[in-house]
Amino acid sequence: MRKEDLTAHGKRLLRETPVLETLRGLDPKGVNEVLRIVETCAEFARLHAEPKALELDARMEEDPEYFDWDLVRTAGRYRLFSLVVPAVLGGLAGKYMLTAASLGVEEICSACAGIGNMIAATGLGACPLLTPGGMPHWDTVLREIVEGERKGEPVLMAYAITEPSAGTDVEEPHFLAKARIGMEARRVKGGYLLNGRKCFISGGKEAKYLTVCAATDRNRPLETWTVFLVSRDMEGFSVPRVERKMGQRACHAAELLFENVFVPEEYVIGYEGDGMSMGILSIMAASRGPVGAVGTGIARGVLRNFLSWARQEHGGRKPIEEQRIQMEIADMAASIQECRGLVLDHSLAGDRVFGTLLVNPMMKALFALPREFRLSRPYQAFLQSRPGRAASARLLRLLVSEEDMTRLLALASLAKFASTDMAMNVASRALQLMGPGDSEERRRVEKCYRDVKVTQIYEGTNQLNRLTWYMIEHEGSLRVELPRPRL
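Residues numbered from 1 in each chain as written. Predicted model: local features only at pLDDT ≥ 70, side-chain atom pairs only at ≥ 80, totals over all residues. Heavy atoms only, no water.

The helix and strand inventory of the chain stands at 18 helices and seven strands. Relative to the 2.2 N^0.38 estimate, which gives 23 Å for 487 residues, the radius of gyration of the chain is 22 Å and therefore close to what a compact globule would have. Each principal axis of the C-alpha distribution contributes one length, and for the chain these read about 75 × 60 × 45 Å. Looking at the 487 residues of the chain, the share that counts as buried comes to 60%. The long-range share in the chain, meaning contacts at least 24 apart out of those at least 6 apart in sequence, stands at 79%. Across the chain, the 64 positively charged side chains and the 63 negatively charged ones have centroids separated by 3 Å. (Helix = DSSP H or I, 4+ residues; strand = E, 2+ residues; numbered from the N terminus. Rg over C-alpha atoms; globule rule 2.2 N^0.38 Å. Buried < 20%, exposed > 50% of the residue type's maximum accessible area, 1.4 Å probe, protein only. Contact = heavy atoms within 4.5 Å. Lys, Arg positive; Asp, Glu negative; His and termini not counted. Charge placed at Lys NZ, Arg CZ, Asp CG, Glu CD.)

Set out below in structure tokens:
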């Protein structure tokens, strides 16, 4: 049945419960692919993340500069850095890429959210390249991620938008228009010079490549916000420090310094000035839902450890035998399941948008061309020319509607703030019930409490995400505008 053939009641039901519409289109092969990825992530979490979680947390409290490259290589053997790389390039991302990534991230974060963030940071950094505007870098940077895993030397990425004087401001158009932007990209012959700082960048210290948002005119940030691909070996780029963190310590939060970093014209993703649409809103529409999955994963870790604690004797009795504890456990489980539903609503709706891009016949036809041709200078020159960028914009607008992308952003923001607030409440309640005594289970729950706090802040504060959802659903004052072809 087509959407236009539905009754008014049917349209409202699908809008209020978007997972229903998406479930009608699931195919067994795609579901099996998702299950394989989730099982892989669960095995990595059980065998590698959970055993190292407390040890790594304690070590990086003492030495914030430490980074566990051995664990990164282990994650690479499980191909966890290829979760968002398209299958046509040898990665794992297919028709249900968001669903697989969200459920996989939940599994890892149920063991250690810091390790989960260390892995997910590469996926977030790669997201701007997944748009048609990033297509010139599919056979280079994204292919390098796949090949790095095969060689046992993973290639990491990061996503840099936050600045010392502009955090949440840069993630919403109304705020960006008035934000105090410090970093600037000045146009010069053949490209741009980047000057300024980015801060609190997850994985920024170890990333080989970074997608960086910067204004080409600090007085008009909304109109000139642009996405650049930066390599860490570019002259003038440095990492002055990493933060001493309260939680998620396994993943560095780095300050990045750009001092006359020359970025060639061909390293601009899409058009100059399209950073808010393609570098922020479209990426947040994809990434905020998985942050909700981080929250549900952390809450699952809390519940698992709280159950283990409650089944042991404390003061001559087992808390699990008390009805009040049993009811608390039931409430925790219900909250987790409710929020997982929000995450899946977003993921499945997102796969109708992004997954369709990856498996569309036109995209498949492009990558059916010999790789030697795709890497040839004429082909690359066309993709990076104004006609090539215009063709990419037309392709995106042909395959994706602004209405669907805007709706996806609302679902993402809802899943993000609801799930991370839930996880904070579950961790807080568990610690209250466990009391001040020491045990391994309590130490793990205490770590979850510290880990979850930042999820209420990154990817836009939960206050901003509430406003985003409201502005889309009840005011209609916020919408995602896709790039228009420019010749």
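Here we take up the nonpolar core. Residues Phe44, Ile115, Met118, Ile119, Leu142 and Met405 are the most contacted members of the largest nonpolar core, which totals 93 residues. In this structure Phe44 touches Ala49, Leu71, Thr74, Ala75, Tyr78, Leu80, Ile108, Ile115 and Ile119, once residues within four positions along its chain are discounted. Grouped together as the second largest cluster of nonpolar side chains are 31 residues, Phe306, Leu307, Val426 and Ala427 included. (Core = buried A, V, L, I, M, F, W, Y, C linked by side-chain atoms within 4.5 Å.)

All right, on to the pairing of strand S3 (residues 191–202) then. Most of S3 sits inside the fold, with nine of its 12 residues counted as buried. In this structure, strand S2 (residues 184–188) lies alongside S3, joined through five bridges in antiparallel fashion. In the strand pairing of S3, Arg187 is matched with Tyr192. Where S2 folds back on S3, the antiparallel hairpin that results is connected by two residues, among which Gly190 adopts a positive phi of roughly 85 degrees. (Pairing = 2+ DSSP bridges.)

In this fold, Gln248 is placed in the loop between strand S6 (237–242) and strand S7 (253–264). As for Gln248 and Lys364, which are separated by 116 residues in sequence, their C-alpha atoms are 38 Å apart. Those residues in contact with Gln248 that lie beyond four places of it in its chain are Ala113, Gly114, Asn117, Asp451, Val454, Thr455 and Tyr458. Within the structure, the side chain of Gln248 is placed 3.3 Å from the side chain of Asn117, a separation counted as a polar contact. (Polar contact = N/O pair within 3.5 Å; in protein donor to acceptor, adjacent residues only side chain to side chain.)

Before going further, it helps to examine the side chain of Asp57. By the element assignment, Asp57 lies in helix H3 (residues 28–62). Residues contacting Asp57, with those up to four places away along its chain left out, are Arg249, Lys447 and Arg450.

Looking now at the pattern of salt bridges. This structure, assessed with the given rule, holds 38 salt bridges. We note a salt bridge from Glu243 to Arg241, for which the minimum N-O separation is 3.1 Å. In this structure Glu243 comes out as buried when scored by relative accessible area, which is 17%. Overall, Arg241 belongs to the partly exposed group, its relative accessible area being 43%. Residue Glu322 is joined to Arg324 by a salt bridge in which the shortest nitrogen-to-oxygen separation is 2.8 Å. By relative accessible area, which is 48% here, Arg324 ends up partly exposed. (Salt bridge = Lys/Arg side-chain N within 4 Å of Asp/Glu carboxyl O.)

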